[in-house]
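Coordinate analysis (summary)
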Amino acid sequence: MGLALERIAVPILALLASAFLFGLLLAIYARVDPLEAFALMYQGAFGTWFSWQNTLTRAAPLILTALCTALPARLGLVIIGNEGAVVLGGVAGAAMGVALAGAPPLVVQIGMSAAGMALGGLWVALAGALRQWRGVNETISSLLLTYIAIALMNHFVEGPLRDPQSLNKPSTASIGDANMIGTIPGMDVHWGLVFGIIACLLVYAFLRFTTWGFAMEVIGGNAKTARMMGLNVGRYVLLACGVGGAAAGIAGTVEVAAVLGKANASLAVGYGYAGILVSFLARHHPLAIIPVAILLGGIGASGGLLQRRLDLPDAAVVVLQGIIFVAILASETLYGRLLPPRQES
């Protein structure tokens, strides 16, 4: 019980510290009343039904990209290549959508999803394979693979897959209105939100109720002991990285199929990087990812209102996200120190 409370209290303290530091920055540098700014942030994120829908739309890709970091973290790996899986998943989905033009919409959407998940999963699994069999640090390799992925996206979008009619902004051909993913009935939020929630529930059930999930927990606790017990650590590393990458890959596909309609540079807007923050703030717990993603989505959704009402740059909320990330990393030192030591009987 005490450990559970600590896992909740430490992130909350980190958020409060981040809010305090951000408020000081607003008051000293921008000459803005922090209380007014926070009130506007709440209004822009959760104050109206329109704000809620905007927040949930932004939260949808964050839920999926967070799994790209959360799943490998169960094995003790720190994967930050989420953005690379997102952009490649989006390009693969768009390419498949164009290739299947004329097929029934459901066939096209399934094909796009499969292509995005496959390429995203393989890309992140490559970082896991480099760690397992070549000893390459997975954090560095996954980050460098992200730069390669963005370069590949630019190459294909501006080269082999470019639509000749996309003059000012190079893009692939449109997947067609008939193949777009619609919105949830009664809401102006696309189905990516539902996909993300279902993915988190499935991952939680997998980790909680299957022997494979238990084996991953054992490996995360002590990989050397797991090997002595006969567990194939490499297989689980590839599984965790591959499934996590597939989740980020389908996030990119959903952005194409539900928002953009084609693949272009708009895929690389930082959803993958924000997903890293969501995962760390949620302590890599699949169910905690959902409310944390909604919170971060709300922060992102409030940027426009801050810009209009307080004349702050739209990137001000990105500064807040950066402060939160640093605070979360710094708060790791608090675990095991907030509660008094247990008395042995």
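What comes next concerns the included structure. Just so you know, these numbers come straight off a predicted model, no measurement behind them.

Observations regarding the overall build of the protein chain
Assigned secondary structure in the protein chain consists of 14 helices and zero strands. Listing every helix and strand of the protein chain by position from the N terminus yields α-α-α-α-α-α-α-α-α-α-α-α-α-α. The C-alpha radius of gyration of the protein chain comes to 21 Å, within 12% of the 20 Å expected for a compact globule of 345 residues. The dimensions of the protein chain, computed from C-alpha atoms along their principal axes, are 75 × 60 × 35 Å. Of all 345 residues assigned to the protein chain, the portion counted as buried reaches 47%. Sequence-distant contacts in the protein chain: of pairs separated by 6 or more residues, those separated by 24 or more amount to 75%.

Considerations on the nonpolar core
The nonpolar side chains of soluble globular proteins are, as a tendency, buried together. In this structure, Leu75, Val278, Ile289, Leu296 and Leu306 are the most contacted members of the largest nonpolar core, which totals 94 residues. The element best represented in this core is helix 10 (residues 233-260), accounting for 13 residues. Residues contacting Leu75, with those up to four places away along its chain left out, are Met216, Ile219, Gly220, Tyr236, Val237 and Ala240.

Notes on the packing of helix 3 (residues 49-73) against helix 11 (residues 271-281)
Relative to each other, helix 3 and helix 11 sit at 65 degrees, their axes nearing to 7 Å. By the criterion of interaxial angle, the relationship of helix 3 to helix 11 is roughly perpendicular. Two packed elements cross with a definite hand, and for helix 3 against helix 11 that hand is right-handed. Taken together, the residues of helix 11 that come into contact with helix 3 (itself represented by Arg58, Pro61, Leu62, Thr65, Ala66, Thr69 and Ala70) are Tyr271, Gly272, Ala274, Gly275, Ile276, Val278, Ser279 and Phe280. For the contact of helix 3 with helix 11, the per-class residue count stands at nine nonpolar, five polar and one charged.

A short note on the side chain of Gln53
By the element assignment, Gln53 lies in helix 3. Setting aside anything within four residues of it in sequence, one finds Gln53 in contact with Met187, Asp188 and Val189.

Parameters and conventions
Residues numbered from 1 in each chain as written. Predicted model: local features only at pLDDT ≥ 70, side-chain atom pairs only at ≥ 80, totals over all residues. Heavy atoms only, no water. Helix = DSSP H or I, 4+ residues; strand = E, 2+ residues; numbered from the N terminus. Rg over C-alpha atoms; globule rule 2.2 N^0.38 Å. Buried < 20%, exposed > 50% of the residue type's maximum accessible area, 1.4 Å probe, protein only. Contact = heavy atoms within 4.5 Å. Core = buried A, V, L, I, M, F, W, Y, C linked by side-chain atoms within 4.5 Å. Axes fitted to C-alpha atoms, helices over the stretch in contact; angles between N-to-C directions. Parallel < 35°, antiparallel > 145°, perpendicular 65-115°, else oblique. Left-handed = near helix turned anticlockwise from the far one by under 90°. Nonpolar A, V, L, I, M, F, W, Y, C, P; charged D, E, K, R; others polar.

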